[in-house]
Amino acid sequence: MFLPAASLLNTTFRQLRRKVICGPVFVTRSKSSQPHEQRTELTKSPVCSYNEWDCLEEVIVGRVENATVPELTPEIQAVIPETSWDYFRENAGKFFPTEHMRKARSEIAEFCRILEHEGITVRRPDIIDHAKSFSTPDFTSTGLYAAMPRDLLLVIGDEIIESPMAWRCRFFEYRAYRSLMKEYFRDGAKWTTAPKPLMSNELYDMDYIKSGKRLELPARGRYVTTEFEPCFDAADFQRAGRDIFCQLSHTTNRMGIDWLQRQIGDEYTIHIVQCKDDAPMHIDASLCLLKPGLVLVNPDRPCYQIDVFKKAGWDVVEAPRPTTPSDHTMWFSSTWLSMNVLMLDHNRVVVDVNEIPTQKLFEKLGLECIKVDFRFASSLGGGSHCWTCDVRRNGSLESYF
């Protein structure tokens, strides 16, 4: 079979760009006393990623299709903006507005094209019906979406882990990714599914919202999720080689963190860090590891353990304030998704085209900005980091602390 000349030219350009930007695979030694088996040993696996910044080779990008408004249950009410509560009450089980989703879908399609132009293989989850009602012995719900693979999937080395998650409406979200998981497994990846929580009432503090103090309780170490069983969302974790940073939140409890630490073993250390956040859910709009020695922090949500990075010689940089208009629809989160960015390698970062101050900061730091419009896609609760899961990066396991 012969490729058209234009396709051949584009393919050659992508391969050349990858070779220039990423370069060959170099075997390097970790700072630890025992060097890790390097990528040369792991090439059998299609899955391999140790951090947030090595050269990206393959990525999963989420889908807008059939995104469904969830019921306003306590675990959702604890984290979403209060301005969204009435909308969720009135529209539970319905699809999100058609025109808004059309624009979001167009933005994500362009995002995929840009990633491919940068030489990255893009994979997508299956399209499934999230509006379909389902029941377990403990609850009944409809689904949500398959928009944010970062929430579900956590790649550590050559292992891809399906997180248990904490929202009932996301109980069956893994089904959209099952075809991909089976393919990666057949091709040599380690595929692990965390214990599936019952999500019975015991997992939730059913009086959390009634207390009238939902924005005060996280500072006291109290969240809407209890310690009844392990739960965590993958987006509450940031990877830095042998060290992984995470937060306790409304979606991640200590049992979940303990399960993950035992699963990945002593080769890695999970560190709990907390930010001043009155509705904590996912760490990547509060603290983002950009590359070795550089961490981006949210000035409105200071990290109490930031000295861990400073003592290790890392530069701590405050994110500029977001420019998203205050009246723009944000059903799930704040406008701080402006700092929810995806590193393509040590030098390239995907940033919202509308966030000019953030772009200027990155350029000042010597980073090349890959600009993508996420204005409508962000309404579903994620920037370029949340909308993706980096399946494979060209790098090795190292220690940065």
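Remember, it's a predicted structure, so these values are computed and weren't measured experimentally.

Participant: Pulling in residues and values, what's your account of the environment of Phe309?
Facilitator: Secondary-structure assignment places Phe309 in helix α9 (residues 307-311). For the pair Phe309 and Gly293, spaced 16 residues apart in the sequence, the C-alpha separation amounts to 8.1 Å. Beyond its immediate sequence surroundings of up to four residues, Phe309 is in contact with Phe245, Leu287, Leu289, Val295, Trp314, Val316 and Phe401.

Participant: With reference to specific residues and values, describe the side chain of Glu355.
Facilitator: Tracing the backbone shows Glu355 in the loop between β15 (348-352) and α10 (356-364). No salt bridge is formed by the buried Glu355; the nearest opposite charge belongs to Arg375, separated by 5.0 Å. A polar contact is formed between the side chain of Glu355 and the backbone nitrogen of Thr323, at a distance of 2.9 Å. Here the side chain of Glu355 touches Thr324 through a polar contact of 3.2 Å, side chain to side chain. Beyond its immediate chain neighbours, meaning those up to four positions away, Glu355 contacts Arg321, Pro322, Thr323, Thr324 and Ser338.

Participant: Just give me the short version of the pairing of strand β9 (residues 243-246), but keep the residues and values in it.
Facilitator: Neither face of β9 is left uncovered, since the one carrying Asp243 and Phe245 and the one carrying Ile244 and Cys246 both have all their residues buried. Here strand β8 (residues 237-240) runs beside β9; their pairing, made up of four bridges, is antiparallel. Within β9, the residue paired with Gln238 across the bridge is Phe245. Taken together, β8 and the strand that follows it, β9, pair antiparallel across an intervening segment of two residues, in which Gly241 is found at a positive phi of about 65°.

Participant: Just give me the short version of the sheet that holds strand β13 (residues 315-318), but keep the residues and values in it.
Facilitator: Ordered in space as β11-β12-β13, the three strands form an open sheet in which the pairing is mixed. The open sheet terminates on both sides in strands that have one partner only, identified here as β11 (287-291) and β13. Across the sheet, the mean angle from the axis of one strand to that of its neighbour is 30°, orientation sign disregarded. In this structure, strand β12 (residues 294-297) lies alongside β13, joined through four bridges in parallel fashion. Bridge pairing in β13 places Leu296 opposite Val317.

Participant: An account of the sheet that holds strand β1 (residues 55-61) is requested, with residue identities and associated values reported.
Facilitator: One open sheet accounts for three strands, arranged β2-β1-β17; its pairing is mixed. Whereas interior strands pair on both sides, the edge strands pair on one side only; in this sheet they are β2 (121-123) and β17 (388-394). Each adjacent strand pair in this sheet contributes to an overall mean axis angle of 25°, direction not counted. Helix α5 (residues 98-117) rests against β1, β2 and β17 of the sheet, and its axis sits at about 155° to β1. Strand contacts of helix α7 (residues 178-186): β1, β2 and β17, with the helix running at about 140° to β1, the strand carrying the most contacts.

Participant: I'd like to hear about helix α8 (residues 254-264), residue by residue, with values.
Facilitator: For an α-helix, the turn length of 3.6 residues means that residues three or four places apart are oriented alike. Within the span of α8, buried status applies to Gly256, Ile257, Trp259, Leu260 and Ile264. Each buried residue of α8 sits inside an arc of 160° when the element is viewed along its axis, so together they form one side. The inward-facing, buried residues of α8 contact β5 (153-156), β6 (159-162), β7 (190-193), β8, β9 and β10 (269-272). Positive phi shows up at Gly265, right after α8, with a value of about 85°.

Participant: Could you give me a rundown of unusual backbone geometry, with the residues and numbers involved?
Facilitator: Of note in this structure, Met199 is not a glycine but carries a positive phi near 55°. Within the fold, Met199 resides in the loop between β7 and β8. Its identity is not glycine, yet His282 carries a phi of approximately 80°, on the positive side. Residue classification places His282 among the buried residues on the basis of a relative accessible area of 8%.

Participant: Explain the packing of aromatic side chains to me, using residue names and the numbers behind them.
Facilitator: This structure, assessed with the given rule, holds 24 aromatic pairs. Directly above the aromatic system of Phe171 lies the positively charged group of Lys196, at a separation of 4.7 Å from the ring centroid.

What counts, and at which threshold
- Residues numbered from 1 in each chain as written.
- Predicted model: local features only at pLDDT ≥ 70, side-chain atom pairs only at ≥ 80, totals over all residues.
- Heavy atoms only, no water.
- Helix = DSSP H or I, 4+ residues; strand = E, 2+ residues; numbered from the N terminus.
- Contact = heavy atoms within 4.5 Å.
- Buried < 20%, exposed > 50% of the residue type's maximum accessible area, 1.4 Å probe, protein only.
- Lys, Arg positive; Asp, Glu negative; His and termini not counted.
- Salt bridge = Lys/Arg side-chain N within 4 Å of Asp/Glu carboxyl O.
- Polar contact = N/O pair within 3.5 Å; in protein donor to acceptor, adjacent residues only side chain to side chain.
- Pairing = 2+ DSSP bridges.
- Axes fitted to C-alpha atoms, helices over the stretch in contact; angles between N-to-C directions.
- Arc of directions from axis to C-beta.
- Phe/Tyr/Trp six-rings, centres within 6.5 Å; stacked < 30°, edge-to-face > 60°.
- Lys NZ or Arg CZ within 6 Å of the ring centre and 35° of its normal.

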